[in-house]
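A look at the structure
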Amino acid sequence: IMITVQNKINASIDKVWEFWTLPEHITKWSFASPEWHTPYAENDVREGGKFKSTMAAKDGSMSFDFGGEYTLIEKNKAIEYVLEDGRKVEITFAETPNGIELIQKFDPETQNPENFQQQGWQAILDNFKSYVEKN
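So, here is what we can say about the structure in this document.

Conventions adopted
- Residues numbered from 1 in each chain as written.
- Predicted model: local features only at pLDDT ≥ 70, side-chain atom pairs only at ≥ 80, totals over all residues.
- Heavy atoms only, no water.
- Core = buried A, V, L, I, M, F, W, Y, C linked by side-chain atoms within 4.5 Å.
- Buried < 20%, exposed > 50% of the residue type's maximum accessible area, 1.4 Å probe, protein only.
- Helix = DSSP H or I, 4+ residues; strand = E, 2+ residues; numbered from the N terminus.
- Contact = heavy atoms within 4.5 Å.
- 1 Å grid on protein atoms, 1.4 Å probe; cavity = no way out; pocket = protein on both sides within 12 Å on 5 of 7 lines; lining within 4 Å.
- Points joined across faces, edges and corners; volume = space filled by probe spheres on them.
- Nonpolar A, V, L, I, M, F, W, Y, C, P; charged D, E, K, R; others polar.
- Phe/Tyr/Trp six-rings, centres within 6.5 Å; stacked < 30°, edge-to-face > 60°.

Let us now look at the nonpolar core. Core analysis: the biggest nonpolar cluster contains 31 residues, and Trp-20, Ile-79, Tyr-81, Phe-93, Leu-102 and Phe-128 have the highest contact counts within it. No other element matches helix 3 (residues 114–134), which puts six residues into this core. When neighbours within four sequence positions are excluded, Trp-20 is seen to be in contact with Ile-26, Trp-29, Ile-79, Ile-91, Phe-93, Leu-102, Gln-104, Leu-125 and Phe-128.

So this is what it looks like as structure tokens:
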């Protein structure tokens, strides 16, 4: 069963898509807490393209790469990918009267409780919303 996180973003669909996919924006929002950052991101947004972000603790104590390969790209509508560990992620972008509804579903990993994973992915999505709406 996939875990779902979602948000409504007060911005145009083109801006939401651009900020979600361009590495110079990914490095500004793709982390779950203020003690972390994403110093590096690369993104080849096409089916069969690969992406990688390095997430790191600001104090240098820990870092990891988050990456995978795209299986579906529909500009301004949907992104699907498979992570390096085989888990699937599905993202949909929908224009609504109240903003862009971004829904992200992902296969859970087995090391952490599902509610902890959901909180982490939701925190990243909340960072994204805040970054898009402020910039």
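By volume, the largest pocket amounts to about 1,100 Å³. Lining the largest pocket are 38 residues, and of these Met-55, Phe-64, Phe-66, Trp-121 and Ile-124 lie nearest its centre. Put simply, the parts of the chain that give the lining of the largest pocket at least two residues each are helix 2 (23–29), strand 2 (36–43), strand 3 (50–57), strand 4 (63–74), strand 5 (78–83) and helix 3. Counting residues per element, the lining of the largest pocket draws most heavily on helix 3, which supplies eight residues. Looking at the lining of the largest pocket residue by residue, the class counts come to 21 nonpolar, 11 polar and six charged.

Here we take up the packing of aromatic side chains. Both the distance between ring centres and the angle between the ring planes are used here to describe each pair of aromatic rings. In this structure the tally under the stated criterion is 13 aromatic pairs. Relative to Tyr-131, the ring of Phe-19 has its centre 5.2 Å away and its plane inclined at 40°; by these criteria the two rings are tilted. Of this pair, Phe-19 sits in helix 1 (residues 13–21) while Tyr-131 is found in helix 3, placing the two residues 112 residues apart along the sequence. Comparing Phe-19 with Tyr-131 shows no difference in burial state: the two are buried. Centre to centre, the rings of Trp-36 and Phe-64 are 5.9 Å apart; their planes meet at 55°, and the pair counts as tilted.

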